[in-house]
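Breakdown of the fold
In case you want the letters, here they are:
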Amino acid sequence: MLLASAKKLRSFGIIGMNQRNFGLISRYNPRRLYPLVDDKLKTKLLAQQAGITVPQLLGTVQYQHDVKALKEILHPYSQFVIKPVKGSGGKGILVITEHDHNLYFKPSGDAMQLSDIERHVSNILSGLHSLGGKPDTVMIESLIQLDPVFSDYSYEGIPDIRIIVLRGYPIMSMLRLTTHASDGKANLHQGAVGVGIDIGTGRALHAVQYGESVTHHPDTRKTFSELTVPHWDKLLQLAAACYEMTGLGYLGADLVLDRDQGPMIIELNARPGLAIQVANRAGLAPRVAVIEAIKTIDPDPQSRAAFSKRQFAFDTDIHPPRLLRTRSDDR
Amino acid sequence: MYAKLRLYIVVILLLGLGIGLTLYKHFALGFPLSPDDKKSVWTIEARIDFAARGDPVIVSFALPPQTPGVVFMEEDFASSDYGFSELTSPSGRRAQWSKRVASGLQTAYYRLSMYETGQIAHPATAADLPPEPEKPEFDEVLRTAATTLLDQVRSKSANTEIFTRELITTLNSKAPSQNLSLLINEQSSEDYKTHLIINLLALEGISARIVRGLYLEDGRRRQSLTNFVEVYIGNEWLLFNQNSGKSGKPKKFLVWQRGDQSLLDVVGGKNSQISFSIIRNVHSTRDLVVRDSMNKQAGIIDFSIYSLPIEQQNAFKMILLLPIGALIVVIMRLLIGIRTSGTFMPILIALALIQTTLLTGLIIFLTVVGTGLLIRSYLSRLNLLFVARISAVIIVVIAIIASISILSNKLGLDQAMTVTFFPMIILSWTIERMSVLWEEDGPREVFIQGGGSLLTAVIAYLFMTNRTIEYLTFNFPELMLVNLALILILGQYTGYRLSELYRFHALERRNAAGKR
């Protein structure tokens, strides 16, 4: 069957786009807070103030005439990432893993001239990748080093961990693995593999590519059943702390594991997508209901993370107070 | 909780107002709900001929009364060098032509354009109450014959209506009794017959009056008025055909005169003659109603789009279609979940399609965007700044459009010249976005979003060009409130989109299998 029945989906607690926009985003995320996460420089600053590790900022380019200084900025580094500050959905991110004289190499091995990079930077500046085409700023970050745990599960890129945080409690998580098809980007609709991760243990639950189940990484052929994300407690705590940091009630925290520096936050998202439900083979609604039933939010991110670990561990059945309903249903 | 309640109240108010106004316009003002609603408009010309004797001339002519159920669109009076005035008296309107000196054959014209509406006639007003019937004066022989006839008829009838009908049929019977032949015979004129019926009814104590009217039939000339008898029964006047006894006003019949005043008086002339000719035209009901309402200055019409100059009205015809397009976009995005490039770009394409017609429009659109994408891919190699590049794309688009126009003109393809209706800035943005999309997400995403936009545009186009929808949006702009209410409700829809049922279909299978 090509179409699922709406009734069944509802009984699994799958949240649709409309309900996400209406019941979660517009409900928990005041618009005035969006700039905090839409502007990655601001997010970085906030995270640093909160003592959260972030990739090192190597430089920024704000004006077109500064593009000429790019060569100077990039000179000391052989590896770096160029990002639009207000980009969305991983657009406009350029990763350089090798620098040899005048040639810069992408993870795929493609070589770029300095002029190519300059053009990319100009594009970002004029707002090509930003929301609504507004003028943008370019940030240059240090490259994250692939943690050996993931070396078997990723192809030409760094996998990231998306954790959905509702009112400060992590409720669902997924690991996004880069593939050849996704061109080294951890972007699901470009072909990255999404692996649902058990909130309780950090173990892989189920994986999908292009919305269909997979058991092996398509490029490395490594099975997911042995995959466990290390530093899981720390990752959950970092994600939970993003609530205090931004004030957003419903957010998607994108974290990575760096070989040398451990867990760090690379990006926050005020409109996290719904593919995570497919990767987890579970709906968000029951978990949303559990969190919405909590009267007072624990001010300590660590105990919130611990609560989520207990509540949403794969083995424990979720007992929502009101059967599979989110609060938005009974408004 | 309150927010939801408030929204529902607003929605109900909007729905009520929108539908209420529509129904009011339909039932009270007679606006048809279908664009194909047509009405016959009758143009009746009365021609009055007489020979003047060289004296002062006064011609007085009875004019048809304005009754509910009949709308007079236009009345014209024409005659050479005559003074003219229209007189209104309780017994009806009269036209009066006058001239100090006239001689020879004279002609006066009265022309009336009218149409019938479906409205039911109101019951008689106080002014229309009948006087006590005057007992007619018959001589002895006739009186006896009349009384016998009335006795006969009375015995066969139960009430006034049946009595009247019975009386008329008896008077018209093929084999008249001796009594009857005294009262009426083959040679009796129509007028005589009418008066006889009225007199007989009066003898019975029933009020009746003569009604003269015209059967409306297309292309008739030299018609004359037909006599009817109107009888006061219960609280209303009922019309009877004096030859058949059938009651009620016939269809396509215009009551010209009620009561026994003369139809035509000519002072200072002789051999006066009157003849009617009738022509039927078919008009759209809407045009007639708008015109009538404008004349009556009905507030709702007076302060409507109809009061604008025609050019603005035409602009509004287009503008009022936009909400339909918006509704389609809302449905496609919120319920179906189709991805489009640019939220309302499909509406703009649909507007362009309206001008170009569907197939031509689609071909032109694909040609322009396709060519644009090719050229844009070259531009991206030139290392241009973003604003400069999009500006360059605009110029490229204009060049493409110009070449399509010129080429199609040379080839004699007139249709393709409508290409100028496409919004060029929007096309340029579309090309730019598609090209970026191509670079970042690959051609698949370009086809998904481009296809989604085109599909939405075509559906919006089909709705916006539907004759009935076009007609309703323009003539019942209040339906926009209904549209608004629908969009408000859809804005509350938190269920799944159709595309999500597909997106999550794998999940259903897994879950079903994994369920214990």
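A brief structural summary. (Residues numbered from 1 in each chain as written. Chains lettered and ligands numbered in written order. Predicted model: local features only at pLDDT ≥ 70, side-chain atom pairs only at ≥ 80, totals over all residues.)

Over its twelve residues, helix H10 (residues 301-312) of chain A extends 16 Å from the first C-alpha to the last, a length consistent with the 16 Å expected when each residue adds 1.5 Å. Those residues of H10(A) that are buried are in contact with strand S9 (169-177), helix H7 (232-246) and helix H9 (285-292) of chain A. (Helix = DSSP H or I, 4+ residues; strand = E, 2+ residues; numbered from the N terminus. Expected span 1.5 Å × (residues − 1). Contact = placed C-beta atoms within 7 Å.)

A packed helix pair is summarised by two numbers, namely the angle formed by the two axes and the spacing between the axes. Residues and elements named next belong to chain B. Where helix H1 (residues 2-27) meets helix H15 (residues 479-490), the closest approach of the two axes is 7 Å, and the angle between their N-to-C directions is 155°. In terms of orientation, H1 lies roughly antiparallel with respect to H15. For the crossing formed where H1 meets H15, the hand is left-handed. In this structure, H1 contributes Leu 7, Val 10, Val 11, Leu 14, Leu 15, Leu 17, Gly 18, Ile 19 and Thr 22 to the contact, and H15 contributes Leu 479, Leu 481, Val 482, Leu 484, Ala 485, Leu 488 and Ile 489. (Axes fitted to C-alpha atoms, helices over the stretch in contact; angles between N-to-C directions. Parallel < 35°, antiparallel > 145°, perpendicular 65-115°, else oblique. Left-handed = near helix turned anticlockwise from the far one by under 90°.)

On to the sheet that holds strand S5 (residues 103-105) of chain A, then. Residue and element names in this part refer to chain A. In space, the three strands of this open sheet follow the order S4-S5-S6, with antiparallel pairing throughout. At either end of the open sheet lies a strand with only one pairing partner, and these are strand S4 (98-100) and strand S6 (111-112). Pairing between S5 and S6: two bridges, direction antiparallel. Looking at the pairing, Phe 105 lines up with Ala 111 of S6. (Pairing = 2+ DSSP bridges.)

Next up on the list: the nonpolar core. Of all hydrophobic cores here, the largest spans 76 residues; its most connected members are Val165(A), Val195(A), Ala239(A) and Leu255(A). The next biggest cluster of nonpolar side chains, apart from the first, holds 55 residues, and it includes Ile93(A), Leu128(A), Val419(B) and Val446(B). (Core = buried A, V, L, I, M, F, W, Y, C linked by C-beta atoms within 7 Å. Buried ≥ 20, exposed ≤ 12 C-beta atoms within 10 Å, placed from the backbone.)

The next subject is unusual backbone geometry. Not every positive phi belongs to a glycine, and Glu156(A) is a case in point at roughly 55°. For Glu156(A), a count of 18 C-beta atoms within 10 Å translates into the label partly exposed. Positive phi, normally seen in glycine, also occurs at Thr357(B), with a value near 70°. Inspection of the secondary structure assignment puts Thr357(B) in the loop between helix H10 (345-356) and helix H11 (358-379).

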